[in-house]
Amino acid sequence: MKILISNDDGVHAPGIRILAEELADIAQVMVVAPDRNCSGASNSLTLTNPLRIHRLENGYVSVNGTPTDCVHLAIRELYEDEPHIVVSGINAGANLGDDTLYSGTVAAAMEGRFLGLPAIAVSLVGSKLQHYTTAAHYARRIIEGLLQSPLAVDQILNINVPDLPLHEIQGIRVTRLGCRHRAEGMVRTMDPAGREIFWLGPPGEQQDAGQGTDFDAVANGYVSITPLTVDLTAYRQIGPLQDWIEKL
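Model, not experiment: these values are computed from the prediction. Per-chain numbering applies: the sequence of each chain, read as written, is numbered from 1 onward. Side-chain atom pairs in this predicted model are given and counted only at pLDDT of 80 or more, local residue features only at pLDDT of at least 70, and totals for whole chains, interfaces and linings cover all residues. To obtain the side-chain values, all non-hydrogen atoms of the structure were used and water was disregarded.

S.K.: So what's going on with the pattern of salt bridges? Which residues, and what values?
M.R.: Within this document, salt bridges are pairs made up of a side-chain nitrogen of Lys or Arg and a carboxyl oxygen of Asp or Glu, the two lying within 4 Å of each other. On inspection of all chains with the given rule, the structure shows 8 salt bridges. With a shortest N-O distance of 2.8 Å, Asp35 and Arg36 are connected by a salt bridge. The rule is simple: take the accessible area with a 1.4 Å probe, protein chains only, and divide by the maximum for that residue type; under 20% is buried, over 50% is exposed, in between is partly exposed. Using a relative accessible area of 36% as the deciding quantity, one classes Asp35 as partly exposed. Asp216 is the partner of Arg173 in a salt bridge, and the nearest nitrogen-oxygen pair spans 3.6 Å. In this pair, Arg173 is assigned in strand β8 (residues 171–174) and Asp216 in helix α5 (residues 214–219), connecting sequence segments 43 residues apart. In this structure Asp216 comes out as buried when scored by relative accessible area, which is 17%. Through salt bridges with shared partners, one network takes in Glu22, Asp25, Arg140 and Glu144. Each helix corresponds to a stretch of at least 4 residues labelled H or I by DSSP, and each strand to a stretch of at least 2 residues labelled E; elements are numbered beginning at the N terminus.

Shown next as structure tokens:
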């Protein structure tokens, strides 16, 4: 079996190394990741600049592009044989609720799915982020399950693991995405030359974080697994929208 690993924290991030080491016990691992932190890159592609690769001493491939670029390049050009699955992570921080729309980690998995391969995204949720091995353990367990019982071809699995020792994890819950309140305002400040600059402020507080959500599962010590689809069509609104259009 061949596994393609990517991420959005960069090719030197601890999460990608620990994940690759864990999965190397069950598969041939190929690591292709951005040469820098690309958190928040979502599904962006590099269209106006050429992509360049650099092969590191440990065999990883560094790319001057986004997570989506990395997965697309790896599958289309870098390897003669396609991988059997794409695994993105382990992300340094949560990808819960509507944060998944911005996530480069989730986007890398989605690109694998766009290209017809099973894919999962794995994130470690916490403040100090000490237990990457816990997330790697569950990533391996889920991948082995996918090999035995493949899922539908139109979805990826978004996995969030609490930053806890393995023995403190309460189990696995299948969840839906929660959501946050409106984001906080931006941080306005000055650069050393006295010019006004802005930084993104903190995310909004949890709004929908009740039972059944990914927020709730992780907060209670459970691994959250949310099936995500790349079809954004609001099917329930097609009829009402048609009625609305006819009244224009």
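Once you've had a look at it, read on.
S.K.: Tell me about the sheet that holds strand β7 (residues 155–162), and please be specific about residues and values.
M.R.: Only strands that DSSP links by at least two bridges are regarded as paired with each other. Strand order in the open sheet formed by 9 strands is β3-β4-β2-β1-β5-β6-β7-β13-β8, and the pairing between neighbours is mixed. Each edge of the open sheet carries a strand with a single partner, namely β3 (53–55) and β8. Strand-to-strand, the axes of this sheet are offset by a mean angle of 25 degrees, without reference to chain direction. Note: strand β6 (residues 119–125) against β7, 6 bridges, orientation parallel. Within β7, the residue paired with Val125 across the bridge is Pro162. Packed onto the sheet, helix α3 (residues 104–114) meets β1 (2–6), β5 (85–92), β6, β7 and β13 (222–229) and runs at close to 170 degrees relative to β6. A fitted line through C-alpha atoms serves as each axis, taken over the contacting stretch for helices, and the angle formed by two N-to-C directions is quoted from 0 to 180°. By definition in these notes, contact holds between two residues if any of their heavy atoms fall within 4.5 Å.

S.K.: Would you mind going over the environment of Thr66 in detail, with residue names and values included?
M.R.: You can see Thr66 is positioned in the loop between β4 (61–63) and α2 (67–78). Of the residues examined, Thr66 reaches a relative accessible area of 9% and is grouped as buried. Leaving out residues up to four positions away in the same chain, Thr66 has contacts with Pro34, Cys38, Ser44, Leu45 and Thr46.

S.K.: Help me get a handle on the side chain of Ser224, residues and values and all.
M.R.: The topology assignment puts Ser224 in strand β13. Residue Ser224 is classed as buried on the basis of its relative accessible area of 0%. What Ser224 contacts, discounting residues up to four positions off in sequence, is Asn158, Ile159, Asn160, Arg173, Thr175, Asp214, Ala217 and Val218.

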